Amino acid sequence: MGCCSSASSAAQSSKREWKPLEDRSCTDIPWLLLFILFCIGMGFICGFSVATGAAARLVSGYDSYGNICGQKNAKLEAIPNSGMDHTHRKYVFFLDPCNLDLINRKIKSVALCVKACPRQELKTLSDVQKFAEINGSALCSYNLKPSEYTTSSKASVLCPKLPVPASAPIPFFHRCAPVNISCYAKFAEALITFVSDNSVLHRLISGVMTSKEIILGLCLLSLVLSMILMVIIRYISRVLVWILTILVILGSLGGTGVLWWLYAKQRKSPKETVIPEQLQIAEDNLRALLIYAISATVFTVILFLIMLVMRKRVALTIALFHVAGKVFIHLPLLVFQPFWTFFALVLFWAYWIMTLLFLGTTGSAVQNDQGFVEFRVSGPLQYMWWYHVVGLIWISEFILACQQMTVAGAVVTYYFTRDKRNLPFTPILASVNRLIRYHLGTVAKGSFIITLVKIPRMILMYIHSQLKGKENACARCVLKSCICCLWCLEKCLNYLNQNAYTATAINSTNFCTSAKDAFVILVENALRVAAINTVGDFMLFLGKVLIVCSTGLAGIMLLNYQQDYTVWVLPLIIVCLFAFLVAHCFLSIYEMVVDVLFLCFAIDTKYNDGSPGREFYMDKVLMEFVENSRKAMKEAGKGGVADARELKPMIK
């Protein structure tokens, strides 16, 4: 892995001498080996599912008798209609595709291999017979000839449910899927079982389908706004805090006013000539507007009160944001870091889902109670999906931790390079190189700790969802308390891990040593951590709110004046959630930079005093920020004896 030496002996001393970027050594090698072995196990699961024929069953599909479509099949013992030649029958067709098993989340229908999917709706058995004669695609059971479709008494059982919906083959997976929106709504009902009024769900799904172009456009708008905000942070960081504050206040007031205006306008609109179905849609939209308007009003009042309380601390954040803005000017590739992380996560999730689908079709053929074939894995291998779920969490956390270590390494390189002209050509790539050569074990260990906390929380959440409405009040309270405690523990460990990665990037120590050193530094600077992180995170939260409000306001205006939509509650929620997710991905990078800068600054002030040979690394603006905060503490009588010496920043 490009390293062979052990950690320096200084790591064993009680008082560590920090030497930023001077010594590099491998960290947590046993954990790297363990992670590699775990990944090999993940590869074994994928290979096993493919080798046992699951890949062919997944891609080509199979009928209810175990025959894989599009190929010749071997006869299965004691199973009728197995061993058929389906070379010319390449598509899976379900006799009743909208009949779902809500418990097992699967289609509860007989599946057949056919030559072609019915592209148009077939209303009668005569239409089914005509389709078979013209296209050579028999949609009834193999035991029934096309000439018997209209004469046999068994046709009602062996033929598809009428009317047969128009369908089209799913690309690459050879399944005939209905193209009717109502059938998609039924699929959604299998996942959303808490909706009691199915007609409401049908209207919600219809609203999403008819507004999909607007949803896509608004999602792209949120992406563009996030990129613009990141550019603004780079160049106008000094006034960014005040700009965000003013824009959020105006955006909140404007959005709230628009919602109340739309509510009043629609309430006064005449409804005498509206047909009953459109009247129901109008009432749903009016109710949604009222809920949105009330929620926006409450949110605006709370936000205004918080900003009123924190107005005196806003000035303290400006200097720190200015230094972070300089980091983005020197390290422009940081802006694109969320893209690479998201791309890596998408690739892994696609692999994970594909392997999960393979596992769902692997195993030996077993005849169920209805006489049809299911594929089940017996023995210890039936628990492979547990291993697969753990892999989803651990490797996802590993990828996110790699991003944190990469950002930390790049910012540490910037901070502790006295002459910025001597920075590497691409500090991001240099940080990635150090990560791969030295610190993958540390990242594997940190992500595993998060996994150990996340798995029990997810198990408790699953138990809570399964027992919903069945457990007593005491059990419900205990479950929610445990879930809340594990969530808080996970957040604390995430923050400590991020600072541990920064300490590793600075001094090349293993995870536990870095976590201990970072924890000591943070405790010694607890007041500064509280002041800077609280205000800084709040300002970044305002940026997220600004992007969500802007996207949501644009969505309200577009959806309100679209004529062919139905209920647009769900489309607007989807857009706002996506906007918040995009804003969070981009601004979380800025938050990481601020946290790394603060830890570097704390280490700098602890081990340097400005004397010859121990000059400060920090930026002059950051030093002025600290001096002002110290003076404010002395005036308040809270920190007069903290450090009386004058701190002299290094001359840039």
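These figures come from a predicted structure and were not determined experimentally.

K.L.:
Just give me the short version of the overall build of the protein chain, but keep the residues and values in it.
P.N.:
Each helix and strand in the protein chain was counted, giving 18 helices and eight strands. Nonlocal contacts in the protein chain, meaning residues at least 24 apart in sequence, comprise 72% of its contacts between residues at least 6 apart.

K.L.:
Quick rundown of unusual backbone geometry? Include the residues and the values.
P.N.:
Note the cis peptide between leucine 162 and proline 163, where omega equals -10°. Mapping proline 163 onto the fold places it in the loop between α4 (155-158) and β5 (167-169). A positive phi angle, near 55°, is found at aspartate 28, a position not held by glycine. Mapped onto the secondary structure, aspartate 28 falls in the segment before α1 (29-51). One non-glycine residue, asparagine 81, lies in the positive phi region at around 65°. Position of asparagine 81 among the secondary structure elements: in the loop between α2 (54-60) and β1 (91-94).

K.L.:
Explain the nonpolar core to me, using residue names and the numbers behind them.
P.N.:
With 84 residues, the main nonpolar core has Leu334 and Val593 as its most contacted residues. Tallying contributions element by element places helix α17 (residues 569-607) first for this core, with 18 residues. Not counting the four nearest positions on each side in its chain, valine 593 is found in contact with Ala324, Val327, Phe328, Leu334, Val407 and Val411. Counting residues in hydrophobic clusters, the runner-up holds 24 residues, among them Phe94, Ala132, Leu144 and Val164.

K.L.:
I'd like a rundown of the packing of aromatic side chains, residues and numbers included.
P.N.:
Aromatic ring pairs are described here by two measures, namely the spacing of the ring centres and the angle between the planes. The full count for this structure, using the stated rule, is 17 aromatic pairs. Ring geometry for phenylalanine 35 and phenylalanine 398: centres 4.2 Å apart, planes at 20°, overall stacked. With phenylalanine 35 in helix α1 and phenylalanine 398 in helix α12 (residues 384-415), this pair connects stretches of sequence that are 363 residues apart. Judged by its relative accessible area of 12%, phenylalanine 398 falls in the buried class. With 4.7 Å between their ring centres and 35° between their planes, tryptophan 385 and tryptophan 386 make a pair best called tilted. Judged by its relative accessible area of 41%, tryptophan 385 falls in the partly exposed class. Three or more aromatic residues joined by ring pairs form one cluster here, namely Trp31, Phe35, Phe38, Tyr387, Trp394, Phe398 and Phe448.

K.L.:
Run through the pairing of strand β7 (residues 364-367), naming residues and quoting values.
P.N.:
As paired elements, β7 and strand β8 (residues 373-376) share four bridges and run antiparallel to each other. Opposite glutamine 367, over in β8, you have valine 373 as the bridge partner. Counted between consecutive antiparallel strands, the loop separating β7 from β8 contains five residues, among which glycine 371 sits at a positive phi close to 85°.

K.L.:
Can you explain the packing of α1 against helix α13 (residues 427-466)? Please cite residues and give values.
P.N.:
Two numbers describe how α1 lies on α13: the axes approach to 7 Å, and their chain directions differ by 70°. Here α13 runs roughly perpendicular to α1, going by the angle between their axes. Of the residues in α13, those in contact with Trp31, Leu32 and Phe35 of α1 are Leu440, Gly441, Ala444, Lys445 and Phe448. Its residues placed into classes, the contact of α1 with α13 shows six nonpolar, one polar and one charged.

K.L.:
Could you give me a rundown of the state of the cysteines, with the residues and numbers involved?
P.N.:
The term disulfide refers to a covalent linkage connecting the sulfur atoms of a pair of cysteines. Taken as a whole and judged by the stated rule, the model has three disulfides. Here cysteine 69 connects covalently by a disulfide to cysteine 113, the sulfurs 1.9 Å from one another. Because the sign of the S-S torsion sets the handedness, a value of about -80° for the bond joining cysteine 69 and cysteine 113 places this disulfide among the left-handed ones. Of this pair, cysteine 69 sits in the loop between α2 and β1 while cysteine 113 sits in strand β4 (residues 111-114); the two residues are 44 residues apart in sequence, bridging distant segments of the chain. Summarising the burial analysis for this pair, cysteine 69 and cysteine 113 share the class buried. There is a disulfide in this structure between cysteine 117 and cysteine 176, and the S-S distance comes to 1.9 Å. Judged by the sign of its S-S torsion, about -80°, the bond between cysteine 117 and cysteine 176 is left-handed. Linking cysteine 117 in the loop between β4 and α3 (125-135) with cysteine 176 in strand β6 (residues 176-178), this pair joins segments that are 59 residues apart in sequence. Taken individually, cysteine 117 and cysteine 176 each receive the classification buried, so the pair is uniform in this respect.

K.L.:
Can you explain a nonpolar patch on the surface? Please cite residues and give values.
P.N.:
There is a patch of nonpolar side chains on the surface, built from Phe342, Val346, Trp349, Ile353, Met354 and Leu357 and spanning about 520 Å² of accessible area. Among the secondary structure elements, leucine 357 is positioned in helix α11 (residues 337-360). On the accessibility criterion, leucine 357 (38% relative accessible area) is partly exposed.

K.L.:
Now, about α1: what can you tell me, with residues and values included?
P.N.:
Helix length check: α1 (23 residues) gives 32 Å between terminal C-alpha atoms against 33 Å at 1.5 Å per residue, within 8%. Along α1, the residues that are buried comprise Leu32, Phe35, Phe38, Gly41, Met42, Ile45, Cys46, Phe48 and Ser49.

K.L.:
So what about the packing of α13 against helix α14 (residues 473-507)? Which residues, and what values?
P.N.:
Close contact between α13 and α14 brings their axes to 9 Å; oriented N to C, the two are set at 170°. With respect to α14, the axis of α13 lies roughly antiparallel. Across the contact of α13 with α14, the residue classes break down as 16 nonpolar, eight polar and five charged.

K.L.:
Lay out the pattern of salt bridges with the relevant residues and their values.
P.N.:
Tallied over the full model, the rule gives four salt bridges. The shortest N-O distance in the salt bridge between glutamate 490 and lysine 454 comes to 2.6 Å. In this pair, glutamate 490 sits in helix α14 while lysine 454 sits in helix α13, placing the two residues 36 residues apart along the sequence. We classify glutamate 490 as buried; its relative accessible area is 4%. Each of Glu397, Lys454, Arg457 and Glu490 takes part in salt bridges that share partners, so that together they form one network.

Conventions adopted
Residues numbered from 1 in each chain as written. Predicted model: local features only at pLDDT ≥ 70, side-chain atom pairs only at ≥ 80, totals over all residues. Heavy atoms only, no water. Helix = DSSP H or I, 4+ residues; strand = E, 2+ residues; numbered from the N terminus. Contact = heavy atoms within 4.5 Å. Core = buried A, V, L, I, M, F, W, Y, C linked by side-chain atoms within 4.5 Å. Buried < 20%, exposed > 50% of the residue type's maximum accessible area, 1.4 Å probe, protein only. Phe/Tyr/Trp six-rings, centres within 6.5 Å; stacked < 30°, edge-to-face > 60°. Pairing = 2+ DSSP bridges. Axes fitted to C-alpha atoms, helices over the stretch in contact; angles between N-to-C directions. Parallel < 35°, antiparallel > 145°, perpendicular 65-115°, else oblique. Nonpolar A, V, L, I, M, F, W, Y, C, P; charged D, E, K, R; others polar. Disulfide = S-S within 2.5 Å. Patch = residues over 30% accessible without salt bridge, like charges linked within 9 Å, V, L, I, M, F, W, Y side chains within 5 Å. Areas by Shrake-Rupley, 256 points an atom, 1.4 Å probe, with all protein chains shown as cover. Salt bridge = Lys/Arg side-chain N within 4 Å of Asp/Glu carboxyl O. Expected span 1.5 Å × (residues − 1).

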